Amino acid sequence: MSELSLERGLAAFREEIDAPVAAFFSSCIRCGLCATACPFYVETGDPKYTPILKLEPMRRVWASEFTLWGRLKGLVGLAPKVTDEMLAEWEELLYDSCSMCGRCSLVCPVGNDLQYMIRKSREAMVASGHAPEGLIGAASRAIRTGSPMGLQWKTLDVQIKHVESSTGLEVPVDKPGVEYMVLLSSMEIINFPEYLEAIAKIFDHAGVTWTLSTDCYEATNAGIQIGSKDIAAELVQRVVDAAVKLKVKKVISPECGHAYTAIRWEGPNLIGKSYPFRVFHIIEVLDELRAAGRIKTEGKETDRLSLHDPCNLARKSGVIDQQRNLMDLVADNFVDLKEHGKYQWCCGAGGGVSSNERAEHLKMAAFKRKKAQIEEVGPDRMVTMCATCRTQLEEGLEEFNMDIPVVGLTEMIAEHLVEKEQRA
Amino acid sequence: MAHHKTLGESLRAHGVSRRGFLKFCAATASMMALPPTMTPAIAAALEQARRPSVIWLSFQECTGCTESLTRSHSPTVEDLILDVISLDYHHTLQAASGEAAEHAREVAMRENFGNYLVVVDGSLPGPDSNPGYSTIAGISNYQMLMETLEGAAAVVAVGTCAAFGGLPQANPNPTGAVAVQTLAGDKPVINVPGCPPVPMVITGVLAQYLTFGKLPEMDQYNRPLAFFGQSIHDRCYRRPFYDKGLFAETFDDEGARAGWCLYRLGCKGPSTYNACATMRWNAGTSWPVEAGHPCLGCSEPKFWDAGGFYDALSVPPGDTGSTLLAAGVSGAIIGGAAAALAKRRQKADLAERQPVKIDELEQKL
Amino acid sequence: MIDPMDFLLWTKGPMFDWAIAIFALGMLARLVEIFMLGRKPNYAEPRGGEWGPGFRTIFTRSVADAGTFQRAPFNVVIGTVWHVGFFIALLLFIPHIELIYSVLGIRWPGLPNPVVDAVTAITILAMIGALIHRLRNPVMKHISTFEDYLVWTVTFLPLITGYIAYHRMIDPYPLALGLHILAAEIFLIVLPFTKLTHMFTVFIARWYNGAIFGRKGVAS
Ligand code: SF4
Ligand code: SF4
Ligand code: SF4
Ligand code: SF4
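Predicted model only: the values in this text are computed from it and were never measured. Throughout this document, residue positions are counted from 1 along each chain, in the order its sequence is written. Note on labels: chains are lettered from A, ligands numbered from 1, in written order. Given that this is a predicted model, residues contribute local features only at a pLDDT of at least 70 and side-chain atom pairs are listed and counted only at 80 or more, while totals for whole chains, interfaces and linings are drawn from all residues. Calculation of side-chain values draws on the structure's entire complement of heavy atoms; hydrogens and water are dropped beforehand.

(A) Quick look at the overall build of chain C. Across its full length, chain C carries 11 helices and 0 strands. Only DSSP runs of H or I with at least four residues qualify as helices, and only runs of E with at least two residues qualify as strands; both kinds are numbered from the N terminus onward. Starting at the N terminus and walking to the C terminus, you meet the elements of chain C as α-α-α-α-α-α-α-α-α-α-α. Referenced to the eigenvectors of the C-alpha coordinate spread, the extents of chain C come out at roughly 65 × 40 × 35 Å. Categorising residues by exposure relies on relative accessible area from a 1.4 Å probe, with only protein chains included: less than 20% of the type maximum marks a residue as buried, more than 50% marks it as exposed, and the intermediate range marks it as partly exposed. Classification of the 220 residues of chain C by burial places 54% in the buried group. Long-range pairs, those at least 24 residues apart, make up 72% of the contacts in chain C between residues at least 6 apart in sequence. Areas reported as accessible are Shrake-Rupley estimates using a 1.4 Å probe. Residue values count occlusion only from the protein chains shown. Summed over its atoms, the accessible surface of chain C is roughly 9600 Å², and 75% of this surface lies on carbon and sulfur atoms. The charged-residue count follows a simple rule in which Lys and Arg add positive charge and Asp and Glu add negative charge, with His and chain termini not counted at all. Throughout, a charge is located at the NZ atom of Lys, the CZ atom of Arg, the CG atom of Asp or the CD atom of Glu. One way to put it: in chain C the 17 positive side-chain charges average out to a point 15 Å from where the 13 negative ones average out. In this analysis, two residues are considered to be in contact whenever any of their non-hydrogen atoms come within 4.5 Å of each other.

See below:
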């Protein structure tokens, strides 16, 4: 049976090195500013968490094999090598202490997209057998059961029945030819069942046709988090097959950040061609409906609300104004965190950190940055649109005994819909 | 004969007044940056000085230095000092020629052995060059210099050719020209460079030598510090414009008319040590920079091969543009080859690539 | 003892050619090595353009975002000051303009010498500040390698020797000027083989950053 090995890891590094990577490594001036952008450094104060250092293995491969000078140095034995021990040491740096939030990529003065390179480095970590157990487990469950949490359709089915009985609305399943195919995340199904009910209500209200698919309802992609394009491609292919089978033109990614980037940005490249459908985050869809006047709301929340932009949605996908438009629709007293939108701070749980039990302490350390941001503004409640962020915010706020509930934006919109009878 | 008169006697014989003589001494003192209180001491020293015998040798030169020395409009102290030394041999100036002239040289050498001063203008073909490149009365320059130096007290190399090689040495130096100091062995050498040197500097150096009877304080190039201690740039009256960043860019633009700094027109004043800016030329009338022309750096070694006279000092003499282009193109080719190699490796990796399978990952659990 | 004029002419002549040749060869090789790697095709439906945002980021990344400025004010200010100062001294000093014109055939107006002089003095101080910061800031100290100190030195030398030459603090002047030119040549020679490549690759890196983010609709 084949095995993951250092050689495969090095080959993966080489495979991943492209012109941007070479330009980035050629440009780093070791100014250390990326550290000030990274919640894991800022909140631990440990310089080993400086983002550029997390890329040292990849940098070495680049320097010794992709530059003439480095190759000459290699000939006389002066180029430092990447060893298995090194990669073992870097496992913590590349997984436990990086949520792939991309904040460093926005701050680096020479324009290094560090997050882009961390994503690439993880390919080599996987191929060399240095991925964290927690993420391997999630990937394995995702491939084998369709859900990183090992959920089965049965569980979802129970929820569907529940939503149908409580709302009196139909939750369409496997309906071909509708406008949207809706995906969910296991985290939502378990922790935030309100979401499914909310979209059922909103879509009914707006007259949107949609469906779930029994072949594939899971939007998240453990392959992206662990950093294996092979695993990720297999998971994306399931979405594509389901959408094609149901002949939908639009697929909705749920309130989950990485699921959206996985399907929206990486997916087509994983399978090597463009999709026959378009991908949206639920927030984009809701804002489109709002703009088209298809969502009518009444009443507004009056308490002080603030917003956590999921990194994957805002900085990494450009969905920034949409959630604010929607907030304006339903909130009277909305206040942004000081650094928000593309400059927001990560909750600390992304990039697989939350599936990596070993990284718990770092996850909570990184959260302190968010906590500080929240304290600065002092809201009564926080609103967000990613189940992972939401779970992390809830856990974190509880840990620090801060009584600030966290709500999903979609639910909040659903709560303010004008009742059908009133509209007529 | 005249050889045995003191300088004072000789001056009086020439009808130079005491006042005129003191004026000259004062000028000498100020040229040498000595306090005016030194004037009587200089006068006393000069009064007592015996007219030393001077043998002036001209080798590969243009006679510009001699011209410079002699082109004075009215009898000046410079002329006087020439009269008061005993110029026993100067084949450009002397009436005698041929064997008679050479005879005069030999006599002077014999009679003043160990005491005479040799002045040289022009460089000479070195010992390894064809001796026929430059001869006087059938004697090669090299042989004549070596002979003459033997009994010399010191040698003064007048002009940049004698001091540093000068134009005859310019690339490719066909005659193998060398400067006097490279052949002078342990004879003291005073270099008075300039192409040509300022006349007052030539006479001043001689006066100084006569006054003190010893070598002046000199810089690393054996140039007397009294005249070569400061750069043209440091004493240039256009310096305020340099400091303000006001430069003439052509010879007839507004800046040139306004007398702005000539740096951009190639002025080598910043790296040139000479007395033009303080002593000026043509009896103090003007000097090149004042006349609107950049300094060529003529008192510096290699000024003849240091790039264009009208290129700024910062401009490299070589054809850097083509070096840049050629190296850039080679770099692109080399880089291209290196990158192609790296890409080949990537391709090979890809061909052998084993996709990561879930059971491989699970082995790690 | 070295002959100052010979030394100056050596630095202006053969040594300058060597330096330029090594620099051009090394840098071009580096750039070609980068560009030839290329990028894989991107099949994801773009939300924005690449070219525009790429060029935008080339400029905008020169100014730190407010938060970064607050967290690392010294780093940002000192870094900006000495970079701006370095380029003013390099590109707006009349003798340098003449040199560039002689090599590339393009020229632009310069600044009065005293202005460049003052800027140089500030730049020198800022660079000393930057070095102290590198030695004392825990992150910078931790991530710095021998190369970082080497690069600091070869960047500092042309500045300090230039300052010395301008003020004629070393005698004779040809020696001072020669030392300055030599320092600049060492800088050029070291450039393609160290992080100094960022002088050129920063434009590529920023462009890619802007393009990658721009494609996703984020102005980076
Ligand atoms: S911010 Fe950029 S240039 Fe500075 S150390 Fe980090 S990666 Fe390097
Ligand atoms: S992507 Fe985020 S967590 Fe990762 S190194 Fe960069 S700033 Fe830190
Ligand atoms: S004209 Fe020449 S010597 Fe005078 S200030 Fe300008 S550069 Fe210096
Ligand atoms: S100005 Fe310069 S070139 Fe002209 S004579 Fe004087 S030193 Fe020689």
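(B) The overall build of chain A, seen in detail. Within chain A one finds 23 helices and 8 strands. The atom set for the radius of gyration is the C-alpha atoms, and the globule formula is 2.2 Å times the number of residues raised to the power 0.38. In terms of overall size, chain A behaves like a compact globule, its C-alpha atoms giving a radius of gyration of 22 Å where 424 residues would be expected to give roughly 22 Å. If one aligns the C-alpha atoms of chain A with their principal axes, the spans along those axes are about 80 × 50 × 35 Å. Taking all 424 residues of chain A together, the buried fraction comes to 67%. Across chain A, contacts joining residues at least 24 apart in sequence account for 82% of those joining residues at least 6 apart. About 14100 Å² of surface is accessible on chain A, with carbon and sulfur atoms providing 51% of the total.

(C) Structural detail: the pattern of salt bridges. One side-chain nitrogen of Lys or Arg within 4 Å of one carboxyl oxygen of Asp or Glu is enough to make a salt bridge. Under the definition given, this model contains 57 salt bridges over all chains. Between A:Glu266 and A:Arg119 there is a salt bridge whose closest N-O contact spans 2.7 Å. With A:Glu266 in helix α17 (residues 257-271) and A:Arg119 in helix α10 (residues 114-127), this residue pair connects regions lying 147 residues apart in the sequence. Residue classification places A:Arg119 among the buried residues on the basis of a relative accessible area of 9%. Within this structure, A:Glu15, A:Glu16, A:Asp18, A:Lys120, A:Lys229, A:Asp230 and B:Arg353 form a network of salt bridges that share partners.

(D) Layout of the pairing of strand β6 (residues 331-334) of chain A. Pairing between strands is defined by DSSP: at least two bridges between them are needed. Alignment of strand β5 (residues 301-308) of chain A against β6(A), held across 3 bridges, turns out to be parallel. Within β6(A), the residue paired with A:Leu305 across the bridge is A:Phe334.

(E) Quick look at the nonpolar core. A:Ile17, A:Phe25, A:Ile52, A:Tyr95, A:Met117, A:Ile226 and B:Leu361 are the most contacted members of the largest nonpolar core, which has 111 residues in total. At 9 residues, helix α2 (residues 14-37) of chain C tops the list of elements feeding residues into this core. Once residues lying within four places of it in the same chain are set aside, the contact partners of A:Ile52 are A:Phe25, A:Cys28, A:Cys34, A:Leu114 and C:Ile143. Only buried Ala, Val, Leu, Ile, Met, Phe, Trp, Tyr and Cys residues count toward a nonpolar core, and they belong to the same one when joined by side-chain atoms within 4.5 Å.

(F) Expanded view of the domain arrangement of chain A. Residue and element names in this part refer to chain A. Each domain's limits were defined by an automated method or a database of domain assignments. Segmentation of chain A into domains returns domain 1 (3-131), domain 2 (135-291) and domain 3 (305-420). Put simply, the middle of domain 1 and the middle of domain 2, counted by C-alpha atoms, are 32 Å apart. Both faces combined, the contact of domain 1 with domain 2 buries some 740 Å², and carbon together with sulfur accounts for 48% of it. Two parts placed together each lose some accessible area under a 1.4 Å probe, and the buried area is that loss summed for both. Of all residues in domain 1, Arg119, Glu123 and Ala131 give up the largest surface area on contact with domain 2, accounting jointly for 52% of the area buried on that side. Inspection of the domain 1/domain 2 interface yields 3 salt bridges. Among the secondary structure elements, those contributing two or more residues to the side of domain 1 that touches domain 2 are α1 (6-16) and α10. Top contributing element to the side of domain 1 that touches domain 2 by residue count: α10, with 4 residues. Of the residues that constitute the side of domain 1 that touches domain 2, the class distribution is 4 nonpolar, no polar and 5 charged. Note on residue classes: Ala, Val, Leu, Ile, Met, Phe, Trp, Tyr, Cys and Pro are nonpolar, Asp, Glu, Lys and Arg are charged, and everything else, Gly too, is polar.

(G) Looking closely at the site of ligand 3. One heavy atom within 4 Å of a molecule or strand makes the whole residue count as near it. Taken together, 13 residues form the shell around ligand 3, and within it B:His233, B:Cys236, B:Cys261, B:Leu262 and B:Cys267 come nearest. Residue classes in the shell around ligand 3 are distributed as 9 nonpolar, 2 polar and 2 charged.

(H) Region of the structure containing the site of ligand 4. Neighbouring ligand 4 are the residues B:Thr272, B:Asn274, B:Cys276, B:Trp281, B:Pro288, B:Cys295, B:Leu296, B:Gly297 and B:Cys298. Its residues placed into classes, the shell around ligand 4 shows 6 nonpolar, 3 polar and no charged.

(I) Here's a closer look at the interface of chain C and chain A. Taken together, the 50 residues of chain C in the interface contact 65 residues of chain A. For chain C, the biggest contributors to the area lost against chain A are C:Tyr43, C:Arg47 and C:Arg71; these three give 14% of the whole. On inspection of chain C and its partner chain A, the count reaches 5 salt bridges. Polar contacts, as used here, are pairs of N or O atoms within 3.5 Å; protein pairs need one atom able to donate a hydrogen and one able to accept it. Residues neighboring in sequence count only if both atoms are side-chain atoms. Between the two partners, chain C and chain A, sit 27 residue pairs in polar contact (both at pLDDT 80 or more). Where the side of chain C that touches chain A is concerned, the elements lending two or more residues are α2, α4 (66-71), α5 (73-92), α8 (138-143), α9 (146-166) and α11 (198-215) of chain C. If one sorts the elements of the side of chain C that touches chain A by residue count, α11(C) sits on top with 11 residues. Partitioning the side of chain C that touches chain A into residue classes produces 21 nonpolar, 13 polar and 16 charged.

(J) Quick peek at the packing of aromatic side chains. Ring geometry is summarised as follows: Phe, Tyr and Trp rings, the Trp one being its six-membered ring, pair when their centres sit within 6.5 Å, and such pairs are stacked at plane angles under 30 degrees, edge-to-face over 60 and tilted between the two. Within the structure shown, the criterion is met by 27 aromatic pairs over all chains. On the basis of an interplanar angle of 65° and a centroid distance of 5.8 Å, the ring pair of A:Phe203 and A:Trp210 is categorised as edge-to-face. Side by side, A:Phe203 and A:Trp210 carry an identical accessibility label, which is buried. Relative to B:Tyr310, the ring of B:Phe251 has its centre 5.8 Å away and its plane inclined at 85°; by these criteria the two rings are edge-to-face. Placement of the pair is B:Phe251 in the loop between α12 (239-244) and α13 (254-257) and B:Tyr310 in the loop between α14 (276-279) and α15 (320-352), with a sequence separation of 59 residues.

(K) A look at unusual backbone geometry. In this chain, B:Asn171 is followed by B:Pro172 through a cis amide linkage whose omega measures 5°. One can find B:Pro172 in the loop between α8 (159-164) and β8 (177-178). The phi dihedral of A:Asn401 is positive, around 55°, even though this residue is not glycine. Mapped onto the elements, A:Asn401 comes out in the loop between α21 (387-399) and β8 (406-408). According to the relative accessible area criterion, A:Asn401 is exposed, its value standing at 71%.

(L) Region of the structure containing the side chain of A:Asp230. The residue A:Asp230 is located in helix α16 (residues 229-245) in this model. Only 3.1 Å separates the side chain of A:Asp230 from the side chain of B:Arg353, close enough to count as a polar contact. Within polar-contact distance, the side chain of A:Asp230 engages the backbone nitrogen of B:Val356 at 2.7 Å. Setting aside residues no more than four positions away along its own chain, A:Asp230 makes contact with B:Arg353, B:Pro355 and B:Val356.

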